[in-house]
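# Structural features, examined
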Amino acid sequence: MTTLAIYSNKGGVGKTAAAVNLSYLAAQTGAKTLLCDLDPQSSATYYFRIKPKLRSGTKGFIKGGKQVYKSVKGTDYDNLDLLPADFSLRNLDAAFYKLRRSKKRLKKILNPFRVEYDLIILDCPVTISILADNILNAVDYTLVPLIPTTLSVRTYRQLLAFCQKNRYAVDRIYAFFSMVDRHKKMHKELMAAVAGEFNGVLQSFIPYLAQIEKMGIHREPVAVFAPRSVASKSYQNLWNKVQETMLSPVRSDLGR
Amino acid sequence: MLKNLQYKLPDGYDEKQFMRKLADQYPIKKEPTISERFAIYDTFDWRLFNKSLVLYGCGHKLFLRKPAKSMSIHAIEITSVPVFIWDFPDGGLKRHLAPILRMRALLKLVEVYSRSRPYRVLNRDEKTVARLVYEDFRSSGSKNAPTLGAHLWLKPVKGYPKHSRILVKRLAEAGLTKSKEEDIYIKALELADKKPGSYSAKVNIQLDPDMRSDEAAKVILRFLLHVIRVNETNIEKDLDTEFVHDYRVAIRRTRSALGQIQYVFPAKTTDRFKKDFAFVGKLSNDLRDLDVYLLNEATYKAKLPPVLRDDIDPLFDHLRKKRSKAFQKVISGLKSKKYEKILKDWEALLNQPRQDDGAAPNAALPIIDLACKRIYKKYRSVVKAGNLILETAEDEMLHVLRIHCKKLRYLMEFFSSLFARKKINVLIAQLKKLQDNLGDFNDLCVQEEYLLNITKELPTTQRQLKKTLVAIGSLVGTLGRERQMVKDAFAETFTDFASPENKKLFQELFASQIQPGQAGTKKD
């Protein structure tokens, strides 16, 4: 069992698209996969044509157990289930604050799913508050989409500094370039520079493509409605890298 | 876990019409039909079937599951279909099957062609809320092949129970009834005229206590002849070593029955076939010996110190060559006129109607009496021989005792249907323990001698030969130590078998019914 967060402290970087496509590709390999949509905007939930509704909302969510378990919906694809988002998740931060051991609640909520699923992917909202602590405490790996722009790289540095300060294992944080425009000279230069600066940058990137935006129209993973497109192949490459670096070989020090 | 429901299709079920009607309530999306071919495997003696397992391949995958269950216990990728357990890739499936298949080859029993046509039932967001899958099975790929079975699956989607409940109602209204999951495997075999579990080398004979002894003997011998014939036809294919083995055991049992079920046939007949079957048995002696050495190759190697393990290879290469010659000898033996005549005459004898004139003295005796008498007598000789060994500790006597035990075992198996099953099985199990000890001792003696003698035959160059001889010497040493251990265990094993409790049970089952001067007492 592996848990993976698709996370960024900057918005609009392609988190949800990555989460939806990676979870679909994971399920296609036969791994029982659960995608948790933690974003109150519920885009991932929308992509799978599922109603954004949790039983008893955030209240039920933070309580964990049966209510959360019963909220899970099967997607249209084998081996892939979704824990839908709910608009009330916008209060998740505040709800965690009020609790004891407030930084480790999410880990506890996900516990019952660890038996049933081989892979749990979290689609996270933009945050660097207590929800971020919860996410980093709950997962084995974090994958950060990075647009090759100065601001995006700057926020990534902030994240790594935050992790170092709070003693989250930085070597379990990986990044990949997202929304890359290969015609832009600056994108190319930044990618080369950043690959040298950080350790965990995957050798695979997602270009800026209209096909990916069309997911909103088709409400399906790219590989379903355009299996032979560049977009689909890019996600397949990214998934291969994720598998290589995070899922196999199985690291014995996991399952903390 | 959500359960998939299987539905039987009513006569005249019209899929198009049903889906059209359902489409009034739900948008339905038809998916492409999937055609697959499955091949089902088992050993000749149904080892997997007997353990309630189904092994089947589809594409580059191999699955193991329980009958009538759709969840597989193991699923692995394969490049080619394994025949023997040592062909399997290491892993869970291999570990699961190893103790079951042992040395037997997997045979492809039957092929099944499946077609499935999935329909997605959608809600207003065009999200799948349930699936309906029409599925049928045929015994060949052609469209006109007879259908082995067809049904409709309702596969609920997690989180949408309301829709599944509605669909259950709609299916019932359309006349579809829930069916238990039945295994297509059994049906496919039936159509291919194969009966699961139909072959077993174990003696499985039902006798009536009041039967005449000559008739009962014929029932037993006919069963053995059947085993001989079934295996005989497969020996030539050389699929695995056990066809020869089962064949030989049936020959040995036949010889034992001829000798032990005494005076039921005219003396001339008995004598002739005793000799004939001794000849038949000898035909495959060499082949079986070589098979055993080669089957044990890995075990022998494991007994050697690692530095010598490769040095023994010339020995096994030599044995393999000998084996292929021995095999040819058996094949020509089985095709010889003499062999054919023996078996033909034997078959004729077993099938000819009873002739009352010149009948043998025990021919008309109720079989229960003869069975009790023979078993009890044999039991006494086993105990007597065993006690003698405890006193004298002679190796030759161990061999004599082994033969006595074998005869007793065969008698008890032939006649087991005449006695309380639980009780006789307890005694057979006890006897088996003693036989295992004696068998191990004998095997080790024979192997030591064989290995020492074979060195003369090894056609290797001088240098290699020396190394091989060292390895063989080391192996013989190990076998000798093992033999001593087995011998040391004899006294205790035998004392267990000859225990007062077993003696009482033997008397109760077999001696209480023999009353002096009154041969015809019936079992109650």
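Note that this is a predicted model, so its numbers are computed, not measured.

Another aspect to go through is the overall build of chain A. Looking only at helices and strands, one finds 14 helices and eight strands in chain A. By its C-alpha atoms, chain A is 50 × 45 × 35 Å across when sized along the principal axes. When the accessible surface of chain A is summed, it comes to about 11,800 Å², and 51% of that surface belongs to carbon and sulfur atoms. Each charge class in chain A was averaged separately, 38 positive and 20 negative side chains, and the resulting centres sit 6 Å apart.

Another aspect to go through is the overall build of chain B. A tally of helices and strands in chain B yields 18 helices and 10 strands. In terms of C-alpha radius of gyration, chain B reaches 30 Å, well past the compact-globule figure of 24 Å for 524 residues. Viewed in the frame of its principal axes, chain B has a C-alpha envelope of about 90 × 70 × 50 Å. Counting every position in chain B, which comprises 524 residues, the buried fraction comes to 48%. Partitioning the intrachain contacts of chain B with sequence separation of at least 6 by distance along the chain shows that 71% fall at a separation of at least 24. Entry remark: accessible area of chain B is about 27,800 Å², with carbon and sulfur atoms responsible for 52%. A distance of 3 Å separates the average location of the 95 positive side-chain charges in chain B from that of its 66 negative side-chain charges.

Okay, the interface of chain B and chain A next. Counting residues at the interface gives 10 residues for chain B, matched by 13 residues for chain A. The contact between chain B and chain A buries some 990 Å² in all, and 35% of this surface belongs to carbon and sulfur atoms. Between A:Asp81 and B:Lys158 there is a salt bridge, and its shortest N-O distance comes to 3.0 Å. Where chain B touches chain A, the interface holds 11 residue pairs in polar contact (both at pLDDT 80 or more).

All names here are of chain B. Under the counting rule described, the total for this entry stands at 41 salt bridges over all chains. A salt bridge links Glu232 to Arg229; the nearest nitrogen and oxygen atoms lie 3.1 Å apart. Taken together, the positions of Glu232 and Arg229, both in helix α6 (residues 213-235) and three residues apart, correspond to about one turn of that helix. Exposure remark for Arg229: the relative accessible area of 26% places this residue in the partly exposed category.

A few words now on the nonpolar core. By size, the foremost hydrophobic cluster in this structure holds 121 residues, and its most contacted members are B:Ile261, B:Phe415, B:Phe419 and B:Phe506. Top contributing element to this core by residue count: helix α13 (residues 367-392) of chain B, with 12 residues. When sequence neighbours within four positions are dropped, the list of residues in contact with B:Phe415 reads B:Leu207, B:Ile220, B:Ile261, B:Ile367, B:Ala371 and B:Ile375. The next biggest cluster of nonpolar side chains, apart from the first, holds 59 residues, and it includes A:Tyr174, A:Ile206, A:Ala223 and A:Phe225.

All names here are of chain B. As paired strands, strand β1 (residues 5-8) and strand β9 (residues 147-156) are joined by four bridges and run antiparallel to one another. Looking at β9, one finds that Leu5 is bridged to Leu154. With two bridges connecting them, β1 and strand β10 (residues 177-178) associate as antiparallel partners. Bridge assignment links Lys8 to a residue of β10, and that residue is Thr177.

Our next topic: a positive patch on the surface. The grouping of A:Lys51, B:Arg124, B:Lys162, B:Arg165 and B:Lys169 at the surface amounts to a positive patch. Take B:Arg124: it is sitting in the loop between β7 (107-122) and β8 (128-138).

Moving on, we come to the pairing of strand β4 (residues 54-58) of chain B. Residue and element names in this part refer to chain B. Across the five residues of β4, five count as buried, placing the element largely inside the fold. Every second residue of β4 is oriented toward a common face, with Val54, Tyr56 and Cys58 on one face and Leu55 and Gly57 on the other, all of them buried. Note that strand β3 (residues 34-42) and β4 share four bridges and pair antiparallel. Paired with Phe38 across the two strands is Cys58, which belongs to β4. Pairing geometry for β4 and strand β5 (residues 61-65), over five bridges, is antiparallel. Bridge pairing in β5 places Val54 opposite Arg65. With antiparallel pairing between neighbouring strands as the criterion, β4 and β5 make up a hairpin whose turn holds two residues, including Gly59 at a positive phi of roughly 60°.

Residues and elements named next belong to chain A. Across its 14 residues, helix α1 (residues 15-28) extends 20 Å between first and last C-alpha, which sits within 8% of the 20 Å expected from 1.5 Å per residue. The element α1 is extensively covered by neighbouring structure, given that 13 of its 14 residues are classed as buried. Phi for Gly30, located one or two positions after α1, is positive at around 105°.

Attention now moves to the packing of helix α8 (residues 267-283) of chain B against helix α12 (residues 337-351) of chain B. All names here are of chain B. It is the contact of α8 with α12, at a shortest axis distance of 11 Å, that shows an interaxial angle of 135°. Considered as vectors, α8 and α12 are oriented oblique to each other. α12 is crossed by α8, and the crossing has left-handed handedness. Mapping the contact onto sequence places Thr269, Arg272, Phe273, Asp276, Phe277, Phe279, Val280 and Leu283 in α8 and Lys338, Tyr339, Lys341, Ile342, Leu343, Asp345, Trp346 and Leu349 in α12. Of the residues assigned to the contact of α8 with α12, the class counts are 10 nonpolar, one polar and five charged.

Another point: the sheet that holds strand β7 (residues 173-180) of chain A. Residues and elements named next belong to chain A. The eight strands are arranged β3-β4-β2-β5-β1-β6-β7-β8 in an open sheet whose pairing can be described as mixed. Edge positions in the sheet fall to β3 (73-74) and β8 (201-207), since each has one partner strand and no second. Here three bridges tie β7 to β8, and the two strands are oriented parallel to one another. Its bridge partner lying in β8, Val180 is registered against Pro207. Across the sheet, α1 lies against β1 (2-6), β2 (33-37), β4 (80-83), β5 (119-123), β6 (141-146) and β7, angled at about 165° from β5, the strand it touches most.

The element helix α8 (residues 130-138) of chain A is largely enclosed, with a buried count of nine among its nine residues. Turning to α8(A), its buried residues are A:Ile130, A:Leu131, A:Ala132, A:Asp133, A:Asn134, A:Ile135, A:Leu136, A:Asn137 and A:Ala138.

Time to look at the confidence of the model for chain A. Per-residue pLDDT for chain A averages 91, and the proportion of residues at 70 or more is 96%. Predicted confidence for residues 249-256 of chain A stays below pLDDT 50, and this span has 13 contacts to residues more than four positions away or in other chains.

Residue and element names in this part refer to chain A. The residue His187 is located in helix α10 (residues 185-197) in this model. Here the alpha-carbon distance between His187 and Arg154, two residues 33 residues apart in the chain, equals 14 Å. Excluding anything up to four places from it in sequence, His187 contacts Pro148, Thr149, Met179, Val180 and Asp181.

Residues and elements named next belong to chain B. Running from N to C, helix α14 (residues 395-414) and helix α15 (residues 421-454) cross one another at 150°; their axes reach a closest spacing of 9 Å. By the angle between their directions, the pair α14 and α15 is classed as roughly antiparallel. The chirality of how α14 crosses α15 is left-handed. Every residue of α15 that contacts α14 at Asp395, Leu398, His399, Leu401, Arg402, Cys405, Lys406, Leu408, Arg409, Met412 and Glu413 is listed here: Ile424, Leu427, Ile428, Leu431, Lys432, Leu434, Gln435, Leu438, Gly439, Phe441 and Asn442. Partitioning the contact of α14 with α15 into residue classes produces 12 nonpolar, four polar and six charged.

The rules behind each value
Residues numbered from 1 in each chain as written. Chains lettered and ligands numbered in written order. Predicted model: local features only at pLDDT ≥ 70, side-chain atom pairs only at ≥ 80, totals over all residues. Heavy atoms only, no water. Helix = DSSP H or I, 4+ residues; strand = E, 2+ residues; numbered from the N terminus. Areas by Shrake-Rupley, 256 points an atom, 1.4 Å probe, with all protein chains shown as cover. Lys, Arg positive; Asp, Glu negative; His and termini not counted. Charge placed at Lys NZ, Arg CZ, Asp CG, Glu CD. Rg over C-alpha atoms; globule rule 2.2 N^0.38 Å. Buried < 20%, exposed > 50% of the residue type's maximum accessible area, 1.4 Å probe, protein only. Contact = heavy atoms within 4.5 Å. Buried area = accessible area lost by both parts, 1.4 Å probe. Salt bridge = Lys/Arg side-chain N within 4 Å of Asp/Glu carboxyl O. Polar contact = N/O pair within 3.5 Å; in protein donor to acceptor, adjacent residues only side chain to side chain. Core = buried A, V, L, I, M, F, W, Y, C linked by side-chain atoms within 4.5 Å. Pairing = 2+ DSSP bridges. Patch = residues over 30% accessible without salt bridge, like charges linked within 9 Å, V, L, I, M, F, W, Y side chains within 5 Å. Expected span 1.5 Å × (residues − 1). Axes fitted to C-alpha atoms, helices over the stretch in contact; angles between N-to-C directions. Parallel < 35°, antiparallel > 145°, perpendicular 65-115°, else oblique. Left-handed = near helix turned anticlockwise from the far one by under 90°. Nonpolar A, V, L, I, M, F, W, Y, C, P; charged D, E, K, R; others polar. pLDDT = per-residue confidence, 0-100.

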